Structures are given as structure tokens and as C-alpha cells.
Amino acid sequence: MSLRDRVESAFRERFGGDAPWLVRAPGRVNLIGEHTDYNGGFVLPIAIDREVWIALAPQGDGHVEVHSLDYGDAAAFELSGLSHTGDGWPEYVKGVAWALQQAGHVPLGWQGVMCGNVPRGAGLSSSAAVELAVLRAFAAVSALPWDAKAMALLGQRVENGWIGVNSGIMDQLVVAAGIRDHALLIDCRSLEIEPAPLPPGTAVVVLDTSTRRGLVDSAYNERRGQCEEAARYFGVPALRDVDSAAFAGMATGLDPVVRRRARHVVSENERTLEASHAMRAGDVGRLGELMNASHESLRVDFEVTNAALDAIVDVAQAQPMCLGARMTGAGFGGCAVALVAAEGVDTFIEDVTVGYRAATGLVPRAYACRAADGASVERAASTEHAAD
Ligand code: GLA
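Because the structure is predicted, anything quoted here is derived from the model rather than measured.

1. Comments concerning the sheet that holds strand β2 (residues 42-43)
Then, in step 1: With antiparallel pairing, the three strands of this open sheet are ordered in space as β2-β7-β8. Strand pairing shows two members of the sheet lacking a second neighbour, β2 and β8 (193-197), which therefore form its edges.
Then, in step 2: Relative to β8, strand β7 (residues 182-187) is paired through five bridges, and the arrangement is antiparallel. Directly across from Ile-186, in β8, lies its bridge partner Ile-193.
Then, in step 3: This element, helix α5 (residues 170-177), spans β2, β7 and β8 of the sheet and lies at about 135 degrees to β7.

2. Brief notes about the pattern of salt bridges
When the charged atoms of two side chains lie near each other, side chains of opposite charge can form a pair.
Then, in step 1: For the structure on display, the rule yields 22 salt bridges.
Then, in step 2: The salt bridge partner of Asp-208 is Arg-212, with a shortest N-O separation of 2.9 Å.
Then, in step 3: Residue Asp-208 is classed as buried on the basis of its relative accessible area of 0%.
Then, in step 4: Among the ionic pairs, Arg-271 bridges to Glu-268, the shortest N-O distance being 2.9 Å. With Arg-271 and Glu-268 both in helix α8 (residues 256-281) and three residues apart, the pair spans about one turn of that helix.
Then, in step 5: In the salt-bridge network here, residues are joined through shared partners; they are Glu-34, Glu-268, Arg-271 and Arg-326.

3. A short note on the nonpolar core
Then, in step 1: Ile-46, Ile-54, Trp-110, Val-134 and Phe-138 are the most contacted members of the largest nonpolar core, which has 80 residues in total.
Then, in step 2: Mapping this core onto the domain boundaries places at least three of its residues in each of domain 1 (3-197 + 372-385) and domain 2 (202-369).
Then, in step 3: Once residues lying within four places of it in the same chain are set aside, the contact partners of Phe-138 are Val-64, Leu-79, Val-93, Val-96, Ala-97, Leu-100, Pro-107, Leu-108, Trp-110 and Leu-144.

4. Quick word on the domain arrangement of the protein chain
Then, in step 1: The domains assigned to the protein chain are domain 1 (3-197 + 372-385) and domain 2 (202-369).
Then, in step 2: On a C-alpha basis, the centroid separation for the pair domain 1 and domain 2 is 26 Å.
Then, in step 3: The interface of domain 1 with domain 2 comprises 40 residues on the first partner and 44 residues on the second.
Then, in step 4: Carbon and sulfur atoms make up 61% of the area that domain 1 and domain 2 hide from each other, which totals about 3,500 Å².
Then, in step 5: Where domain 1 meets domain 2, there are four salt bridges.
Then, in step 6: Ionic pairing is found between Glu-194 and Arg-280, a salt bridge with its closest N-O pair at 2.7 Å.
Then, in step 7: Our count for the domain 1 to domain 2 interface comes out at 20 residue pairs in polar contact (both at pLDDT 80 or more).
Then, in step 8: Secondary-structure elements contributing two or more residues to the side of domain 1 that touches domain 2 are β1 (21-30), β2, β3 (45-58), β7 and β8.
Then, in step 9: Of the residues in the side of domain 1 that touches domain 2, the class split is 18 nonpolar, 13 polar and nine charged.

Calculation notes
Residues numbered from 1 in each chain as written. Predicted model: local features only at pLDDT ≥ 70, side-chain atom pairs only at ≥ 80, totals over all residues. Heavy atoms only, no water. Pairing = 2+ DSSP bridges. Helix = DSSP H or I, 4+ residues; strand = E, 2+ residues; numbered from the N terminus. Contact = heavy atoms within 4.5 Å. Axes fitted to C-alpha atoms, helices over the stretch in contact; angles between N-to-C directions. Salt bridge = Lys/Arg side-chain N within 4 Å of Asp/Glu carboxyl O. Buried < 20%, exposed > 50% of the residue type's maximum accessible area, 1.4 Å probe, protein only. Core = buried A, V, L, I, M, F, W, Y, C linked by side-chain atoms within 4.5 Å. Domains from an automatic or database assignment. Buried area = accessible area lost by both parts, 1.4 Å probe. Polar contact = N/O pair within 3.5 Å; in protein donor to acceptor, adjacent residues only side chain to side chain. Nonpolar A, V, L, I, M, F, W, Y, C, P; charged D, E, K, R; others polar.

Below, the structure written as C-alpha cells:
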């Protein structure tokens, strides 16, 4: 049963009648440009066909009630008195209401059913998918105008101000603004977006190591602090403003660890811009090389890979059909991404699964992804679910 059918039928069962609103938001995978967003730099992600769906109806009062089919659990709260009550998924729903109120909006109540298939904690932005789906839900029942960039910034505010994760803008922006069959080159300083078509004849394959990270507890904030320290040393607002020539001329005075962190960010920004050019020119060979170089930089200089990520990337890069592979997302576990010649995807997935298992004893999950549209409203027509 599709996610759409699942939320629709669960809504009917619980609330009686068809849901007047249906919204969805995708997860994302980043092709290149890692740990550059909070340095004002460039990223090149795609929204993927793994999603969160919500079927919902407005409620006249300021009450919100959401049932999660994935957790078998419900969240209920009043919009007039938002407070933290734990650290589970309901905090993302409350956090969205809080961020909307902080921005001067007046979100209204609703009741609904939510479910999704974005793997959690895997570096595929399951939390941004929930945030943007819930933003779509509030915007729908509260008649708020939808502006993808403004909504992405609100999603980021949920992470930074309510959840307590100091993350950048990449995840929420691509989840809000993704374009089918395209990657988005995002300038994380100006928030300007340039769509770049995915090269024909290639497939994007997500390789889940089956190892998980804890973003809040991880070294993410430490890396961010080291980047800020390096920017202060170079006398610029962010590492975005340092190119490799300036880096080579000045970096010797930096603490060696901070120097390596900065070298990753400076080189990754350049790789990302070059990758978007290669993509537009259809130069898949170069695109793959840049992805491989990105992994090496994240492994050696930024030190955010783990043994499982390194193993799966090694195995992937050794496959003849693989154009390039690297870890994706914050790192420390989770997923890698590979660009693969489309005709070889099935063999690639089989061989990586066997090779990774032999190298680590772990069972990976691997699947080809399509580049999907960003968060959307999909109002159900009654005939569309007659067959489920
Ligand atoms: C996480 C954060 C993003 C970004 C990546 C690393 O996904 O949420 O903002 O910093 O890590 O590129």
C-alpha cells in the first residue's frame, strides 16, 4: 500500500470520512557539498522519492492531534501553551507551531495521521521531511502563503531553536524546493537555487551502512566551531570567502586540526561548483571523480566518516559500473551515495551488498532513488483511492 493510501485509510478509520487535505514532503540525499552549508558555501542535493505524508482536517479550536503510524503513537497539544515534553517525534510537530508563532504567523489547529518511509538517523533528512510536511499541514489549514525559502528557514529554526541542533539550511531548503529529475545547486549564503538536470543514463543509489549516528550528541557542533575559528583566522565572515589560493598562502599559522577542517570546506566548495558544471555538461566521469575526492576529504581532513562508511564507499568505488561514491549527510554513520551507470544498477546493488557484508559483517540496504519534487499539497480526489 502506498504511503498516500495508508494515511488516507487510517484517517478514515480514526476520524470517519475522507481527509480534506493531503500533504507530503520528501527526504533528501546530497550528491556533493558536505559540511559547507553552515560555512555559507555550496551544496548539490536532490529531494528523493522517500517521503512523509499527512492526511488532515482543520479543527476550529487551537488543538493539534497527530497520529504517527510509524511509531503507533499520538501527539496532542494546545497551540496556546507550547512546551517541551520529551525528545521524540512530537517535538518536531510542536517545534513547527512554535517557529510559525515566532515568525508572527497564527497557526490553527488540525487533526491528522502521518506516516513515512525516510530511514531515520541515516543522513537522509527524515526530520526535515517531517518539518516541511507539518509546515505544509499548518499552512494549509491556516491559509498561510507558501514560500519555499521562507518555509525552509522556519524548518531550520525548528532544528536550531526548538530541537537544539545547530544545523545549516541545506536539508530544509532542498526538501522544500526540490525539483523532479534535478539536483539543486544551492548557494547557502544567498539561498539562490540553480537546478541542474541529473545526467541521463545514470542512477543515484543510496547505500545505507546500517550504522546510525546521534546528530545532537555528535561532533557536528565541534566541527562547526572549528570552521568558525578558521574563518576568524582568515578575517572573513565564513570559510565560503576563502579560496584555495588564499588558503595555501595563509593556512600555515593555523592549528593543524583546524587547518584540515578548513581545507576540507575550501576544497569542497570548489568541488561542488565544478560538479554542477560537470553535471550541466553531461561529464559524468568528472562528476564521479569529484564525489570520490569529496569522500577522501571528509575522511582525512574533516574526519566525519566511520569504518562502515569507508568500507561501503571502497566497495562501491571498486565496481565497474560506479562513476563515483561518497558518504552523504552529516556523517559518523548512516548512508553513502553512489552515481552508477543506469544499466548496471542491479548488479551494482548485488555486488556492493555482498562485498560490504564480507568486509564488515553488516547487512546494508541499497536502493536506487529518483529526484523528486519538494514539499507539496496533494488534495485527495475521492476516486483515486477507490481501489485500495
Ligand atoms: C546535516 C545538517 C546539514 C548539513 C549536513 C552536512 O545534514 O542538517 O545542515 O550541515 O549535515 O553537510
